[in-house]
Amino acid sequence: MATKKATQKLRIIIKSYDHHIVDDSAKNILEALERTSALIAGPIPLPTRIRKFSLLRSTNCNKDSFEQFEVRVHKRIIDVNESSADTITTLQSLKMPSGVDIELKML
């Protein structure tokens, strides 16, 4: 009888304010996953979430003058269809740059 490998589906969500950092992090994760011979789908770019807000420049003399700002959040999703215990330990030992938020969900 052939032994069956324990497989789990994983979803990795990468978020950051800088799209270069998101792409580099996704590349590092893909290289690590390929070393563990996991089946990978992605990275899938999600739409950039743009939050815009306006602030008064001055409350006294320039009441009609506003300063406008925006924050852009870039996201990528990587789906791992077949993984093993080595895959999870490899993901936990990766060094990621600061400013990157990584979520790991088991499906």
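What you see is a predicted model, and the numbers here were worked out from it, not measured in a lab.

### Re the overall build of the chain
Per the secondary structure count, the chain includes two helices and four strands. In the chain, the succession of α and β elements from N to C terminus is β-α-β-β-α-β. Rg of the C-alpha trace for the chain: 20 Å, well past the compact-globule value of 13 Å for 107 residues, more than 25% over. In terms of overall dimensions, the chain has C-alpha extents of about 80 × 25 × 15 Å along its principal axes. Looking at the 107 residues of the chain, the share that counts as buried comes to 26%. Of the roughly 7800 Å² of accessible surface on the chain, 50% is carried by carbon and sulfur atoms. Each charge class in the chain can be summarised by its mean position, and for the 17 positive and 13 negative side chains these summaries are 5 Å apart.

### Considering helix α2 (residues 85-92)
Inspection of α2 places Thr-87, Ile-88, Thr-90 and Leu-91 among the buried residues, and these make up the whole buried set. With its buried residues spanning 160° around the axis, α2 presents them on a single face. Residues of α2 that are exposed and point over 90 degrees away from its buried face: Ala-85, Asp-86 and Gln-92. Buried residues along α2 sit in contact with β1 (10-16), α1 (19-35) and β4 (100-106).

### Examining the nonpolar core
The biggest cluster of nonpolar side chains holds 14 residues, and the ones touching the most others in it are Ile-12, Ile-14, Ile-29, Leu-33, Ile-78, Val-80 and Leu-91. A total of five residues in this core trace back to one element, the largest contributor, which is α1.

Cut-offs and rules
- Residues numbered from 1 in each chain as written.
- Predicted model: local features only at pLDDT ≥ 70, side-chain atom pairs only at ≥ 80, totals over all residues.
- Heavy atoms only, no water.
- Helix = DSSP H or I, 4+ residues; strand = E, 2+ residues; numbered from the N terminus.
- Rg over C-alpha atoms; globule rule 2.2 N^0.38 Å.
- Buried < 20%, exposed > 50% of the residue type's maximum accessible area, 1.4 Å probe, protein only.
- Areas by Shrake-Rupley, 256 points an atom, 1.4 Å probe, with all protein chains shown as cover.
- Lys, Arg positive; Asp, Glu negative; His and termini not counted.
- Charge placed at Lys NZ, Arg CZ, Asp CG, Glu CD.
- Arc of directions from axis to C-beta.
- Contact = heavy atoms within 4.5 Å.
- Core = buried A, V, L, I, M, F, W, Y, C linked by side-chain atoms within 4.5 Å.

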